[in-house]
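Structural description and commentary
Below, each chain spelled out in residue letters.
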Amino acid sequence: MLYSIVGRDNPDSLPLRRKARPAHLERLETLRDQGRLILAGPNPAIDSPDPGDAGFSGSLIVAEFESLEAARTWAEADPYVAAGVYAEVSVQPFVRVLP
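Note that this is a predicted model, so its numbers are computed, not measured.

Rules and cut-offs
- Residues numbered from 1 in each chain as written.
- Predicted model: local features only at pLDDT ≥ 70, side-chain atom pairs only at ≥ 80, totals over all residues.
- Heavy atoms only, no water.
- Helix = DSSP H or I, 4+ residues; strand = E, 2+ residues; numbered from the N terminus.
- Buried < 20%, exposed > 50% of the residue type's maximum accessible area, 1.4 Å probe, protein only.
- Contact = heavy atoms within 4.5 Å.
- Pairing = 2+ DSSP bridges.
- Axes fitted to C-alpha atoms, helices over the stretch in contact; angles between N-to-C directions.
- Patch = residues over 30% accessible without salt bridge, like charges linked within 9 Å, V, L, I, M, F, W, Y side chains within 5 Å.
- Areas by Shrake-Rupley, 256 points an atom, 1.4 Å probe, with all protein chains shown as cover.
- Salt bridge = Lys/Arg side-chain N within 4 Å of Asp/Glu carboxyl O.

We now examine the environment of Ile-61. Position of Ile-61 among the secondary structure elements: in strand S3 (residues 56-64). With a relative accessible area of 3%, Ile-61 lands in the buried category. When the C-alpha positions of Ile-61 and Thr-30 are compared, they lie 13 Å apart, and in sequence the two are 31 residues distant. Apart from the residues within four sequence positions on either side, Ile-61 is in contact with Tyr-3, Ser-4, Ile-5, His-24, Leu-28, Leu-37, Leu-39, Ala-40 and Trp-74.

The subject of this paragraph is the sheet that holds strand S2 (residues 37-44). Overall, antiparallel pairing links the four strands, which are arranged S2-S3-S1-S4 in an open sheet. The strands lining the two open edges of the sheet, one partner per strand, are S2 and strand S4 (86-94). On average, each strand axis in the sheet is inclined to that of its neighbour by 10°, with strand direction left out of account. Where S2 lies against S3, seven bridges are found, and the strand directions are antiparallel. Paired with Leu-39 across the two strands is Val-62, which belongs to S3.

With that settled, consider a nonpolar patch on the surface. There is a patch of nonpolar side chains on the surface, built from Met-1, Val-95, Val-97 and Leu-98 and spanning about 480 Å² of accessible area. Checked against the element boundaries, Val-97 lands in the segment after S4.

Once that is clear, we can look at the pattern of salt bridges. Oppositely charged side chains are able to pair whenever their charged atoms sit close together. The tally for this structure, following the rule as stated, stands at five salt bridges. We note a salt bridge from Glu-88 to Arg-8, for which the minimum N-O separation is 2.7 Å. With Glu-88 in strand S4 and Arg-8 in strand S1 (residues 2-9), the pair connects residues that are 80 residues apart, well separated along the chain. Among the residues examined, Arg-8 registers a relative accessible area of 44% and is labelled partly exposed. Close ionic contact of Arg-17 with Asp-9 constitutes a salt bridge, the shortest N to O distance being 2.9 Å. Across the pair, Asp-9 and Arg-17 agree in class, each one buried.

Structure, rendered in structure tokens:
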């Protein structure tokens, strides 16, 4: 089943995000290579594809996992969690309707 993982950034977490980004992307690339990643990306803090020093307010990942528990376990092990980028992470079942 698909699950949405929404991380909400702590204030002023951009330096932490930059440092943890390579490890974060590596995990996403593994999901992609397994054919389980639907989409992933950050939410810019301002209305711009490149927010610069304004940073990001969070991230969204939609991916396939065996269960809600497996999705939560995967999300809790994210390098952004360990680095303190995220203030909170929400994991919910997701039903893809379109496209």
